[in-house]
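# Report on the structure
Listed here are the chains, written in short residue letters.
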Amino acid sequence: MATIELQKVEKRFGDFQAVKPMDLTIHDGEFVVLLGPSGCGKTTTLRMISGLEAVTSGTILLDGRNVTWLHPSERDIAFVFQLYALYPHISVRDNIAFPLRAQGESKETIEKRVKEVVDLLQIGHLLDARPGKLSGGDQQRVALARALVRRPAAFLMDEPLGALDADFRESMRAEIKQLHIDQHATTVYVTHDQVEAMAMGDRIVVMSDAEIQQIGTPSEVYYKPANVFVARFIGSPGMNLARGHYSEGRVRLKGQNNVYAVPDDWQQALGKALGGSGDVLVGFRPEAARISADGPIAGEVYATELQGAYVMLYININEDEIIHIRAERIHQHQIGDTVRFDIDPRMVRFFDPASERAITREAAQ
Amino acid sequence: MSVQANAPRLSSQERARRRYLTDRAIVNLFIWPTLILLIAINLFPLFYSLYLGFTDYSAIARQVPVWVGFKNFSDILNDQQMWKYFATTGKYALASVGLQTLLGFALAMLVREKFRGSGLLTTLILIPMMISPVVVGLFWKLMYNPTFGFFNYLLGFTNPSTGPDMLASRFAGKVVPNLALWAVVLVDVWMWSPFVMLLVLSGLKAIPDYLYEAAAIDRASSWFQFWRITLPQVAPLLLIAVLFRTIEAFKAFDLVMGMTGGGPGDQTELIAVNLYRQAFLGQWRTGRASALAYIVLIIIIAVSNLYIRYLNKMRGES
Ligand SMILES: Nc1ncnc2c1ncn2[C@@H]1O[C@H](COP(=O)(O)OP(=O)(O)OP(=O)(O)O)[C@@H](O)[C@H]1O
Ligand SMILES: [Mg+2]
């Protein structure tokens, strides 16, 4: 069990900045997910924690111990690779036993520990096969077994489910989460799939452009995005961001005659952040919109999408500003209809279009 | 139809012949000369020599081959002298292939990592392999020369009467058994270690980095990584190198002939050298030599089969 601490950790490949100086603390027993689009530096961050990649500058602490320049083998950390990285020339049994043999453990210990993880992951029937003959999911289980058998201080997993098909990902997701609940080992999990991140993470670290955008629990990241990037990136579709101008407790949205009355508890914060008045982005999730005949915001239905129990409406509130609204199936909306709606005052957010940062009520106090 | 009316009128036969000329004929034109050449210079000698192996025949005598059955084979296998040559060849093969494998592997590990000048170094190491064996034999003969050769000088023997005379199998005038054989082995190792290096190097380069990363995470020492990852991963290519070199060692001729001609006495009389002697040098025992050639061929096929079987077993497992 371990605490992992990154202090101003940075990585450059030549002139290319793969990870900008980053501070991050991962607590003992926590399951932290690094989430971000392709190329944002997730893998590089994970590899620096593991020691497979040297940092350009900064410090990495493991349980308070400075491991910045230690070899991976001296960090007591297990790494589950995206493409498993199993040893192709030896059997599954030998793959799982490899880390123990490398440590010179006794035959009995090896046998006992291998049996433990094999039972845990239910892969007893695979032991004599070569990794190459297994399905992706089974290879992933073997890779997990090889990581678990060592009982390391922390687990690092780089998109371990990335190569599996959708069905299977869900069940493996549950398996990994269950393993974490059982073992309670500190885990850093990399993914670019936000559904996976939401489902698994105690905390999510949203990354983009080589830096951290926000660190928070899944609900914080979802309901209180720290900036425009997180608001758009989390959720499918992401948060609606309607452009408008704020003054005297009202936001006049671009284009049509839509005037949104800002809830009382937000007025002080907006006034302070914008210096009385100014441009603002009104953010709300599709499920925060409430359709009603006297709603303050109007738009034209542009497209509809049936999504199981509800309908996703694409609403044009301005020339080419489309927002998404979740509607009950009983409302029969036709393309071209005009729809009026209000926003749940508890779920509305505001962003400064210049800095793209969220405006918060806390900052105003 | 008008289109048909305008087309040149060809009978179906004519059309068939045209197609025949363009397709089939060209195929034949290319294949047959090659096939005839192969039959004339490969297949025919192969089978003719097999036939000659069962006859009493000399290529310079004016007489037809006389069928003698297995006499040549049994004569050879009952000849103590021949067994000695086989033993010498076996010793030579074991020593030279063994040393080449070790040295070649070591060289491959050395130039595996890129460093300043590693490309140049690799090219330099490969040079011996590219020189004709006869030339190599000749200039090593000069290098081994006890009076003005470089070899003794390097070992620190400047007086020929106190130093080794490698090719004469003597040290300071006294006979040292096998010294000449070792001299030839040394040259073969010098010449062919680069070949082993080349194959092993391509095997090493094909090992994916992530295996070593996984091993580093699994806390394997470099020693453990070498035995559990590097060696098993290059084993198939290493084995192919060893197979090629073993076959070559059993057929070794040009280098030995150029350096010692089998001498001193018969100390370096490898089987291929003896074969040449029986077939051409003064003896012209074509029938017996053919039989011997087939015995060597059978040995080589047997040894290769062992290797290949092992190789396939290894492949099947991974
Ligand atoms: N060894 C390297 N040399 C040069 N550039 C590199 C190297 N490794 C990664 N990069 C670059 O650093 C950036 C971040 O890479 P990284 O692999 O960390 O992204 P990622 O977030 O894991 O993306 P993905 O979701 O595609 O795996 C990428 O633009 C990549 O091209
Ligand atoms: Mg990655």
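Placed above this text is the structure.
Residues numbered from 1 in each chain as written. Chains lettered and ligands numbered in written order. Predicted model: local features only at pLDDT ≥ 70, side-chain atom pairs only at ≥ 80, totals over all residues. Heavy atoms only, no water.

## Quick word on the overall build of chain A
Along chain A, the regular secondary structure elements total ten helices and 21 strands. Judged by the C-alpha coordinates and their principal axes, chain A covers about 75 × 45 × 35 Å. By residue count, 53% of the 365 residues in chain A fall in the buried class. For chain A, restricting intrachain contacts to residue pairs at least 6 apart in sequence, the fraction spanning at least 24 positions comes to 67%. Distance between charge centres in chain A, computed from 40 positive and 49 negative side chains, equals 3 Å. (Helix = DSSP H or I, 4+ residues; strand = E, 2+ residues; numbered from the N terminus. Buried < 20%, exposed > 50% of the residue type's maximum accessible area, 1.4 Å probe, protein only. Contact = heavy atoms within 4.5 Å. Lys, Arg positive; Asp, Glu negative; His and termini not counted. Charge placed at Lys NZ, Arg CZ, Asp CG, Glu CD.)

## Some details on the packing of helix α5 (residues 80-112) of chain B against helix α13 (residues 271-279) of chain B
A pair of packed helices can be characterised by two numbers: the angle between their axes and the separation between those axes. Residue and element names in this part refer to chain B. Direction vectors running N to C along α5 and α13 enclose 140°, while the axes themselves pass 8 Å from each other. Considered as vectors, α5 and α13 are oriented oblique to each other. Between α5 and α13, the contacting residues are Met 82, Tyr 85, Phe 86 and Thr 89 on the first element and Ile 271, Asn 274 and Gln 278 on the second. Here the contact of α5 with α13 is composed, by residue class, of four nonpolar, three polar and no charged. (Axes fitted to C-alpha atoms, helices over the stretch in contact; angles between N-to-C directions. Parallel < 35°, antiparallel > 145°, perpendicular 65-115°, else oblique. Nonpolar A, V, L, I, M, F, W, Y, C, P; charged D, E, K, R; others polar.)

## What to know about the interface of chain B and chain A
Tallying the contact residues gives 18 residues for chain B and 25 residues for chain A. Of the roughly 2,000 Å² buried at the junction of chain B and chain A (both faces included), carbon and sulfur atoms supply 59%. Across the chain B-chain A interface, the total number found is three salt bridges. Arg 146 of chain A is the salt-bridge partner of Asp 218 of chain B, the closest N and O atoms lying 3.8 Å from each other. Linking chain B to chain A there are eight residue pairs in polar contact (both at pLDDT 80 or more). At the level of secondary structure, the elements contributing two or more residues to the side of chain B that touches chain A comprise α10 (209-217), α11 (222-250) and α14 (286-317) of chain B. With seven residues, α10 of chain B is the single largest residue contributor to the side of chain B that touches chain A. The residue inventory of the side of chain B that touches chain A, partitioned by class, reads ten nonpolar, three polar and five charged. (Buried area = accessible area lost by both parts, 1.4 Å probe. Salt bridge = Lys/Arg side-chain N within 4 Å of Asp/Glu carboxyl O. Polar contact = N/O pair within 3.5 Å; in protein donor to acceptor, adjacent residues only side chain to side chain.)

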